[in-house]
Every structure is written in C-alpha cells, then in structure tokens.
Amino acid sequence: MSKIIDIIVKDIRFPTSLDNLGSDSVHVDCDYSAAYVEIFSDDKDLKGIGLTFTIGKGNDLCVACIKHFKPLFLNKNITEIEKNINSLWRSCTNHSQLRWIGPEKGVIQLSVAALFNGFWDLISKYHRKPLWKYIVDLNTEDLLNKLSFTYIDDVITKEEAFNIIEGKKNNIQIATQSIIKNGFPCYTTAAGWLGYSDEKMINLTKKYLSEGWTHFKMKVGQDIDRDIHRCKLVREIIGKDNLLMIDANQAWSVKESIENINKLKEFDLYFVEEPTNPDDILGFKKIKNSVGGVKLATGEMCQNRIVFKQFLENKSLDFCQIDSCRLASLNEILPILLMSSKLNIPVIAHAGGVGLCEYVQHLNIINQLIITNNTTYLSEYAESCSEHLTNPSIIKNGHYVTPMNSGYSAIIKKDSVKKFQFPNGDYWKGK
Ligand SMILES: [Mg+2]
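Student: I would appreciate a short explanation of the overall build of the chain in the present structure.
Tutor: Tallying secondary structure elements over the chain gives 16 helices and 13 strands in all. For the chain, the C-alpha radius of gyration of 21 Å lies close to 22 Å, the compact-globule estimate for 431 residues. Overall, the C-alpha framework of the chain stretches about 60 × 55 × 45 Å when taken along its three principal axes. Pairs at least 24 residues apart make up 75% of the contacts formed inside the chain by residues separated by at least 6 positions. A total accessible area of about 17500 Å² is found for the chain, and carbon and sulfur atoms account for 49% of it. Of the side chains in the chain, 51 bear a positive and 51 a negative charge, and the two mean positions are spaced by 3 Å.

What follows is the structure, encoded as structure tokens:
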C-alpha cells in the first residue's frame, strides 16, 4: 500500500508581463505563476502534482502556506487519504491557527487548492483513470462523502445532490460516448488583452476566426471611449453571428457599471464579466436590474462556496464562472456545481493562466455528465504558458478534446522549472 513520503513546494514564475499577456483593466503586469506541489509516494511511479495560479508577487505566500499543511499528510496511505479526503480538507480549511488569516478565502483557499489538486491527481492516478472518469465512476454516496456541504445546506442538501447525480446517471453511457467524440465547447480570450494594440487585436481576432472559433471575449474597463472603439472593431470582424463577451475585471463601481454597460450594449454582448467588486452580491443585482437584459458573469475571484451560494440564490449572476485554483479544489467546486444545477444556472468555467485550462477540462465533463441539466455548454480557453507543460489541454475547432490520460494535472517541464523557479532559477537569478 503506497504512502506519502514527501511533499515539495516550488515557486515558479514566468515573465509574461514582457508581452502584456493577461493584461486587463487592473492587472497590468501579470507574471503568470504557479505555487507548484509535488507529492511523493513510496512507489516511485506514483507522484501527485498540484498547483495554484497567481500573477507574480504573493506566489511565495502560497508556497509558505502549503508547507504548513505538510505534516498533516506525511506517512499517510493513499487509500486512507482517499477515504478521509473530506475531513483532511476540513483540517486545512478550518486549521485551528491558520483559519485566522482566512477563513476559507485568499491565500488559504489558493493554497488548499494547490495541495488538493495534487491529492485528486494522485488518487485518480492510483486508480489509473483521468480524474473526470474516476469521479463519474464513484458510487454517488461515496462521492458526496468526499465533498463539503458545510454552510450551504440551506440551499442544497446531500439528499438533493444525491437525486441530481442519480438522475443524470441514467444517461451516462450515451453522454460519455458523446463527450469523448465531440469534446467540450470553449471560447477564446486570447485576442483581446487590454495591453494589445488595435493592430495586434485585429490580427489575432482574424486568426482565431479562421481557426474555427465562434465566441470571443475582450477586456474593457480603463477608458470607455477606447472600449467602444475596440468593441466596434471586433464586432465588425466577427460579424453578427459569432458571440462577443466583455470583461471589466472589477474596474467599475456599481454606478459606473450601469452607465458603461448601457453604452456598450449596442454591440450585442453575450455577457459582461466582473463589472464590479467580486464580493458585491447586491451590487451585481442592482446592475442586472438597470442594463436592459444584458447578462452578467462572475466567479473567477469568488472566494468560496458560501459567496457563490449567495450569488446563485440571489440570482445576482447569469453565468457561474468557477475557478479551479481559487476555490479549494473539487471538495467545494462540485457542491457549487450542484447548487448551480438545482437553480438551473449555466456554468462557464474560468481558465487561462497556468494550468487552469488543464484543470477545467475535467470539471466541465463532470458537470455535463453527472451534475447539470442546463444545456448551455461553454468554457473559457486562453492559450498561455502551454509551451511549459508536458500535457497541455488540446483544442480542436473551438472544443477541448476529452483528456484520457490518468490523473488531474498540469505538469511543468523539468527545464522550465529549472529556468523559472523564483528567485534562484536561471532566468531570475540576479534580477
Ligand atoms: Mg475574467
């Protein structure tokens, strides 16, 4: 029986700010980074890899936090971790001292995400299945016992969750064949970063259009006149039949959101993402009520299942954008998907960064196969840093190709780790 013998955490930072990659209205100099966890077992062929995504400074805080959790897991058997994953997760999120600097938010939640993404990877590798397959094959009761319903049972009970999953399992074989054959649809953000010139944005939009993409998202929020200008340019290129979304990355107040969305809605927006502060559940509702039917999306900075519960129940969002590394891994992501299913709210997962695309491709499949009854299937894709991964997600005709290898991971190449480890890797040394 394999047991955990070591957990090593690394601070890896890619200097993506040099190309304005990921630039938006508030994050103007992103160095895409990963707090990168390697979980070693006494079986040399069995290693779990997990990460959380940050944009540079602060990655070291996540690395330090993850190290505090290490003693809870050393010398435990993998089967013991699999069986008790809910209580182990709770011992991290509700750690008697560390919870003071959370609870269940910010650095703590990002760090638990990295560690438990690594454990879910290890467990699904142990069973020699891709994570999505491992999860959908679990007995429903076993699966629910691995998830956290604390603080959300006023909106969804385990019994309701059980009935949702069992209902979906009636059709599981046909649905699985279909997703293996067709993949999962996604949209691209990669043409519309705010730091890109008009020329670069136009060329990339044309390129992605020719590659078969039909959904395009662009960044707004620094200057409304420039936003109008850029929306006009992109809408002209993609025509009326393709979808356009905009993302303000929290730049506006509630009042500014209402004013600006009303100015931009002539461009037929599929949704507006993060117009204002990600915690402002009531503010989002005010915006929704004042923009003439324009739909709102949010979630990439929604800190935990409890805030999501309020957004969903209050109908303050139209599209639920879960994030695989801000939320504390599957333990709380699947309960959020279950709440969304009960309330019939579509999920459009956030991705991009480092590793997020590799993670959400599994979560999308799990949602489609055993959780949601909503028929809007869509997820984000933004190619970034995939050149540093040994197993990047694969896209064909605007669809994620269903991953069939064991595990749940984004594995960073050895050479990239060596070069970009902070602060002593070859690239950063002396900078
Ligand atoms: Mg966004």
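Student: I keep staring at the side chain of Thr-205 and nothing clicks. Help me out?
Tutor: Tracing the backbone through its elements, the reader meets Thr-205 in helix α9 (residues 198-210). Assessed through its relative accessible area of 2%, Thr-205 is described here as buried. In this structure Thr-205 touches Ala-191, Phe-216, Val-234, Ile-237 and Ile-238, once residues within four positions along its chain are discounted.

Student: Looking at this structure, how should I read the coordination of the magnesium ion?
Tutor: Four donors placed tetrahedrally around a metal ideally meet at 109.5 degrees, and six donors placed octahedrally ideally meet at 90 or 180 degrees. Taken together, the protein donors to the magnesium ion comprise Asp-247 (OD), Glu-273 (OE) and Glu-300 (OE), at separations of 2.0 to 2.1 Å. Sequence spacing among the residues donating to the magnesium ion works out to D-x25-E-x26-E. In this pair, Glu-273 sits in strand β7 (residues 269-273) while Glu-300 sits in the loop between β8 (296-298) and α13 (305-313), placing the two residues 27 residues apart along the sequence. This pair shows no difference in class: Glu-273 is buried, exactly as Glu-300 is.

Student: I would appreciate a short explanation of helix α12 (residues 281-288) in the present structure.
Tutor: Because each turn of an α-helix spans 3.6 residues, side chains separated by three or four positions in sequence point in the same direction. When we look at burial in α12, the residues that qualify are Ile-281, Gly-283, Phe-284 and Ile-287. Looking straight down α12, one finds its buried side chains confined to an arc of 160°; they lie on one side. Away from its buried face by more than 90 degrees, α12 exposes Leu-282 and Lys-286. Of the surrounding secondary structure, the elements contacted by the buried residues of α12 are α11 (254-264), β8 and α13.

Student: Got a minute to help me understand α9 in this structure?
Tutor: Over its 13 residues, α9 runs 18 Å from end to end, which matches the ideal 18 Å to within 8%, given 1.5 Å per residue. Three or more residues of α9 are buried, namely Met-201, Leu-204, Thr-205 and Tyr-208. Axial view of α9: buried residues confined to an arc of 105°, hence all on one face. For α9, exposure combined with an orientation more than 90 degrees from the buried face picks out Glu-199 and Ser-210.

Student: Which parts of the structure should I look at to understand the environment of Ile-7?
Tutor: By secondary structure assignment, the location of Ile-7 is in strand β1 (residues 4-13). Taking the relative accessible area as the measure of exposure, Ile-7 reaches 4% and is therefore buried. In this structure, the C-alpha to C-alpha distance between Ile-7 and Ile-348, residues 341 residues apart in sequence, is 32 Å. Beyond its immediate sequence surroundings of up to four residues, Ile-7 is in contact with Val-37, Glu-38, Ile-39, Lys-70, Phe-73, Leu-74, Leu-115 and Phe-119.

Student: Just checking my understanding: could you explain the layout of surface pockets for this structure?
Tutor: It is a probe the size of a water molecule, rolled over the atoms, that shows where empty space is left. The space that makes up the largest pocket amounts to roughly 490 Å³. If you go around the largest pocket, you meet 32 residues; those closest to its centre are Phe-53, Ile-55, Glu-300, Met-301 and Arg-326. Of all elements in the fold, only β3 (47-54), α1 (59-69), α4 (106-126) and β5 (215-219) reach the threshold of two or more residues within the lining of the largest pocket. Here the residues of the lining of the largest pocket sort into 14 nonpolar, 9 polar and 9 charged. In terms of lining, the second largest pocket is formed by 18 residues, of which the most central are Gln-361, Asn-391, Pro-403, Met-404 and Asn-405. In terms of residue count, the dominant contributor to the lining of the second largest pocket is helix α15 (residues 356-371) (3 residues). Of the residues assigned to the lining of the second largest pocket, the class counts are 7 nonpolar, 9 polar and 2 charged.

Student: Where do I start with the pairing of strand β4 (residues 184-192) in this structure?
Tutor: Two faces belong to every sheet, and in a regular strand the side chains alternate between them. Taken across its 9 residues, β4 has 8 buried, putting it largely inside the fold. Pairing analysis gives 3 bridges linking β4 to strand β11 (residues 378-381), with the strands arranged parallel. In the strand pairing of β11, Cys-186 is matched with Ser-379. Of the pairings in the sheet, the one linking β4 to β5 comprises 2 bridges and is parallel in character. Note on β5: the bridge partner recorded for Gly-192 is Met-218. In the classification by handedness, the crossover that spans β4, the intervening α9 and the parallel β5 is right-handed.

Student: Even after reading the chapter, I still don't get empty space enclosed by the protein, so can you show me in this structure?
Tutor: Scanning the entire structure with this criterion turns up 3 cavities of 30 Å³ or more. Considering only enclosed or pocket space, the largest cavity measures out at about 80 Å³ in volume. Lining the largest cavity we find Phe-184, Pro-346, Val-347, Asn-364, Asn-367, Gln-368, Thr-372, Asn-374, Thr-376, Tyr-377 and Leu-378. Residue contributions to the lining of the largest cavity peak at 3 residues, all from α15.

Student: Just to check I follow, could you spell out the packing of aromatic side chains for this structure?
Tutor: How two aromatic rings sit relative to each other is set out by the distance from centre to centre and by the angle between their planes. With the rule as written, the count across this model stands at 18 aromatic pairs. Ring centres of Phe-73 and Phe-116 lie 5.9 Å apart, and the angle between their planes is 75°; on these two criteria the pair is classed as edge-to-face. Here Phe-73, found in the loop between α1 and α2 (78-83), pairs with Phe-116, found in helix α4; they are 43 residues apart in sequence, far enough to count as distant. Just as Phe-73 is buried, Phe-116 falls in that class too. Ring pairs connect the aromatic residues Phe-14, Phe-420, Phe-422, Tyr-427 and Trp-428, which therefore count as one cluster. Lying over the aromatic face of Phe-422, Arg-13 brings its terminal NZ or CZ to 3.7 Å of the ring centre. The cationic tip of Lys-431 hangs over the ring face of Tyr-427; the distance from NZ or CZ to the ring centre is 3.9 Å.

Analysis parameters
Residues numbered from 1 in each chain as written. Predicted model: local features only at pLDDT ≥ 70, side-chain atom pairs only at ≥ 80, totals over all residues. Heavy atoms only, no water. Helix = DSSP H or I, 4+ residues; strand = E, 2+ residues; numbered from the N terminus. Rg over C-alpha atoms; globule rule 2.2 N^0.38 Å. Contact = heavy atoms within 4.5 Å. Areas by Shrake-Rupley, 256 points an atom, 1.4 Å probe, with all protein chains shown as cover. Lys, Arg positive; Asp, Glu negative; His and termini not counted. Charge placed at Lys NZ, Arg CZ, Asp CG, Glu CD. Buried < 20%, exposed > 50% of the residue type's maximum accessible area, 1.4 Å probe, protein only. Donors = N, O, S within 2.8 Å, 3.2 Å for Na, K, Ca; no water. Arc of directions from axis to C-beta. Expected span 1.5 Å × (residues − 1). 1 Å grid on protein atoms, 1.4 Å probe; cavity = no way out; pocket = protein on both sides within 12 Å on 5 of 7 lines; lining within 4 Å. Points joined across faces, edges and corners; volume = space filled by probe spheres on them. Nonpolar A, V, L, I, M, F, W, Y, C, P; charged D, E, K, R; others polar. Pairing = 2+ DSSP bridges. Right-handed = clockwise from strand over helix to strand, strands pointing away. Phe/Tyr/Trp six-rings, centres within 6.5 Å; stacked < 30°, edge-to-face > 60°. Lys NZ or Arg CZ within 6 Å of the ring centre and 35° of its normal.

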